[in-house]
Amino acid sequence: MADVSVLNVELYGETIGTLTRVAGDRSLFAFNEEYIENSDRPTLGLFFKDEFGELRTEFKPVQKQVMPFFSNLLPEGHLRKYLAEQAGVNAEREFFLLWALGRDLPGAITIKPADGEIWPPEAANIEGEDAPKSKDNMLRFSLAGVQLKFSAVEGASGGLTIPASGIGGDWIVKLPSREYMGVPENEFSMMRLASMLGMDVPRIDLVDIDSIANLPDGTDRFGTKAFVIERFDRHPSGERVHIEDFAQVFGVYGEDKYKKASMRNIAAVIAAEGSDEDIREFIRRLTFSTLIGNGDMHLKNWSLIYPDRRTAALSPAYDFVSTVPYIKGDSFALNYSRVRDFAAFDEDEISHLAAKAALPKKMVLDVARETASDFASLWKREKEALPMLADVRVAIDALLPTLPLLKEKN
């Protein structure tokens, strides 16, 4: 008899489908009938809409990984490796990573074993090590990037504490990068600038690492500061708010987040699903990211949010970092419309993006021009006051004269 394991997929605490693992390390997702037949069902993701706006219900089985929508709920890079080691799971076996981490995923999704907490022997990693005897104490976080990120709760005294079980928390704590100096200071500075320009930015702070209680063992320290940002997928009451990133929207695995789509593809989705203000906010962020030399705005760094559980809107901003100090000659993560060089983001390229994505051309150009003008003034006034390292200021100062939106002002 073939080994079969089943995970329940819950949305807002209600089971809407299952992920089933069968022989050959294959997994298959299926919605349950109640969700399919519910005309007022909450939206799981735009990926599950067909070309006519109807719910897709047929999906192919996936070998070793899980389908991209669920794969993108899992951490990447160093954090995935760290958490997989804690769980005693091969980092490539995503079904079992979801089993271990599914209680604190981004958005309103939770994933739980259908038959309780029995940890199957086939989950052991390739070295044959046993899973931890007490998974209750392993970290259950699923947000990742260049830095290690952990979910945290804010104590009554204002300090941050990593939950012992790793479940819950209303802040994300981002530790310094092992590759690049001053990333927390950089990100805090860029997010602060974005907020000052009127973009939708969650609460943020830059804190001493020593002030964070219960940091897990095995997390190395590569600096003295951590960047913290309030989770916008959690209400203060603890209620979950559903989100999905654009790798999920387009059905792209995380390793292809720099491929498979362009900014005009993202813009077209926002134009079709969101409001005029979402379009303006998108153009503000696109322009701002160009001005600061942020070459890391890949598919996972743009997300949608579902405040009413059904209708998509552009989520608050996150992961604004100037990458040009670290990567000489860096360019945008994805094509704007036809090109990705920062210096090619001119009014012609913006107009081409607007036309291809069915955006109002005048509105888009007006927002881009206004953002560039406001940024130029703000940067001169604030750059010395923000905690970024000097090489970040130098790199952005060197980039700005090459950008057409600012050249046209001078």
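Parameters and conventions
Residues numbered from 1 in each chain as written. Predicted model: local features only at pLDDT ≥ 70, side-chain atom pairs only at ≥ 80, totals over all residues. Heavy atoms only, no water. Buried < 20%, exposed > 50% of the residue type's maximum accessible area, 1.4 Å probe, protein only. Helix = DSSP H or I, 4+ residues; strand = E, 2+ residues; numbered from the N terminus. Pairing = 2+ DSSP bridges. Phe/Tyr/Trp six-rings, centres within 6.5 Å; stacked < 30°, edge-to-face > 60°. Lys NZ or Arg CZ within 6 Å of the ring centre and 35° of its normal. Polar contact = N/O pair within 3.5 Å; in protein donor to acceptor, adjacent residues only side chain to side chain. Contact = heavy atoms within 4.5 Å. Expected span 1.5 Å × (residues − 1). pLDDT = per-residue confidence, 0-100. Core = buried A, V, L, I, M, F, W, Y, C linked by side-chain atoms within 4.5 Å. Salt bridge = Lys/Arg side-chain N within 4 Å of Asp/Glu carboxyl O.

Digging into the pairing of strand 13 (residues 303-306)
Moving on, step 1. Residues Ser303 and Ile305 line one face of strand 13 and the alternating positions Leu304 and Tyr306 line the opposite face, and both faces are buried.
Moving on, step 2. Here strand 12 (residues 242-245) runs beside strand 13; their pairing, made up of four bridges, is antiparallel. Across the sheet, Ile243 pairs through a bridge with Ile305, a residue of strand 13.
Moving on, step 3. Pairing of strand 13 with strand 14 (residues 313-314) involves two bridges; the strand directions are antiparallel. Note on strand 14: the bridge partner recorded for Ile305 is Ala313.
Moving on, step 4. Counted along the chain from strand 13 to the antiparallel partner strand 14, the turn is six residues long, and its residue Arg309 has a positive phi close to 80°.

Focus on the packing of aromatic side chains
Moving on, step 1. Counted by the stated rule, this structure contains 25 aromatic pairs.
Moving on, step 2. Plain terms: the ring middles of Phe31 and Phe48 are 5.3 Å apart, the flat faces sit at 70° to each other, and that makes the pair edge-to-face. Separated by 17 residues along the polypeptide, Phe31 in strand 3 (residues 26-31) and Phe48 in the loop between helix 1 (33-37) and strand 4 (62-63) bring together distant segments of the chain. Both residues of the pair, Phe31 and Phe48, count as buried.
Moving on, step 3. One Lys or Arg, Arg56, reaches over the ring of Phe47 and ends 4.5 Å from the middle of that ring.
Moving on, step 4. Lying over the aromatic face of Tyr12, Arg309 brings its terminal NZ or CZ to 3.9 Å of the ring centre.

Here we look at the sheet that holds strand 7 (residues 160-161)
Moving on, step 1. The strand order across the open sheet formed by six strands is 9-11-8-6-7-10, and the pairing between neighbours is mixed. The open sheet has two edge strands with one neighbour each: strand 9 (204-208) and strand 10 (212-213).
Moving on, step 2. Taken together, the two bridges between strand 6 (residues 149-154) and strand 7 define a ladder with antiparallel strand orientation. If you follow Val153 over to strand 7, its bridge partner there is Thr161.

Structural notes on the side chain of Ser71
Moving on, step 1. By the element assignment, Ser71 lies in helix 2 (residues 68-71).
Moving on, step 2. Looking at Ser71, the relative accessible area reads 5%, which means it is buried.
Moving on, step 3. One polar contact links Ser71 to Glu94, side chain to side chain, over a distance of 2.9 Å.
Moving on, step 4. Setting aside its immediate chain neighbours within four residues, Ser71 contacts Gln65, Val66, Arg80, Glu94 and Tyr253.

Regarding the side chain of Lys300
Moving on, step 1. Relative to the assigned elements, Lys300 resides in the loop between helix 8 (276-291) and strand 13.
Moving on, step 2. Relative accessible area serves as the criterion here: at 11%, Lys300 is assigned to the buried category.
Moving on, step 3. Only 3.0 Å separates the side chain of Lys300 from the backbone oxygen of Asn72, close enough to count as a polar contact.
Moving on, step 4. For Lys300, the side chain forms a polar contact with the side chain of Asp245, separated by 2.7 Å.
Moving on, step 5. Not counting the four nearest positions on each side in its chain, Lys300 is found in contact with Asn72, Glu76, Asp245, Ala247, Gly254, Lys257 and Tyr318.

Here we look at helix 8
Moving on, step 1. Look at helix 8: 23 Å from first C-alpha to last across 16 residues, which is about the 22 Å you get at 1.5 Å a residue.
Moving on, step 2. For helix 8, a buried count of 13 out of 16 residues is recorded, marking the element as mostly surrounded by other parts of the structure.
Moving on, step 3. Following helix 8 by one or two positions, Gly293 adopts a phi angle in the positive range, close to 70°.

Some remarks on unusual backbone geometry
Moving on, step 1. Here the phi dihedral of Asn214 falls at roughly 70°; this positive angle occurs in a residue that is not glycine.
Moving on, step 2. With respect to the element layout, Asn214 can be found in the loop between strand 10 and strand 11 (225-230).
Moving on, step 3. Its relative accessible area of 53% is what places Asn214 among the exposed residues.
Moving on, step 4. Residues other than glycine seldom take positive phi values, yet Asp319 does so here, at roughly 60°.

Looking at the confidence of the model for the protein
Moving on, step 1. Averaged over the protein, the pLDDT score is 89; the fraction of residues at 70 or greater is 89%.
Moving on, step 2. Of the regions scoring below 50 in pLDDT, residues 126-146 engages in 62 contacts with residues more than four places distant in sequence or in other chains.

Some points on the sheet that holds strand 13
Moving on, step 1. Ordered in space as 12-13-14, the three strands form an open sheet in which the pairing is antiparallel. One side of each edge strand has no neighbouring strand; the edge strands of this open sheet are strand 12 and strand 14.

Observations regarding the nonpolar core
Taken as a class, soluble globular proteins show a tendency for nonpolar side chains to be buried jointly.
Moving on, step 1. In terms of nonpolar packing, the biggest core is built from 130 residues, with Phe29, Leu44, Phe48, Phe70, Ile111 and Phe282 touching the most fellow members.
Moving on, step 2. Discounting chain neighbours no more than four positions away, the residues touching Phe48 are Phe29, Phe31, Glu54, Leu55, Arg56, Phe59, Met67, Phe69 and Phe70.

Some remarks on the pattern of salt bridges
Moving on, step 1. In the structure shown here, the tally under the stated rule is 31 salt bridges.
Moving on, step 2. Among the ionic pairs, Arg21 bridges to Asp25, the shortest N-O distance being 3.0 Å.
Moving on, step 3. Lys300 is the salt-bridge partner of Asp245, the closest N and O atoms lying 2.7 Å from each other. Placement of the pair is Asp245 in strand 12 and Lys300 in the loop between helix 8 and strand 13, with a sequence separation of 55 residues.

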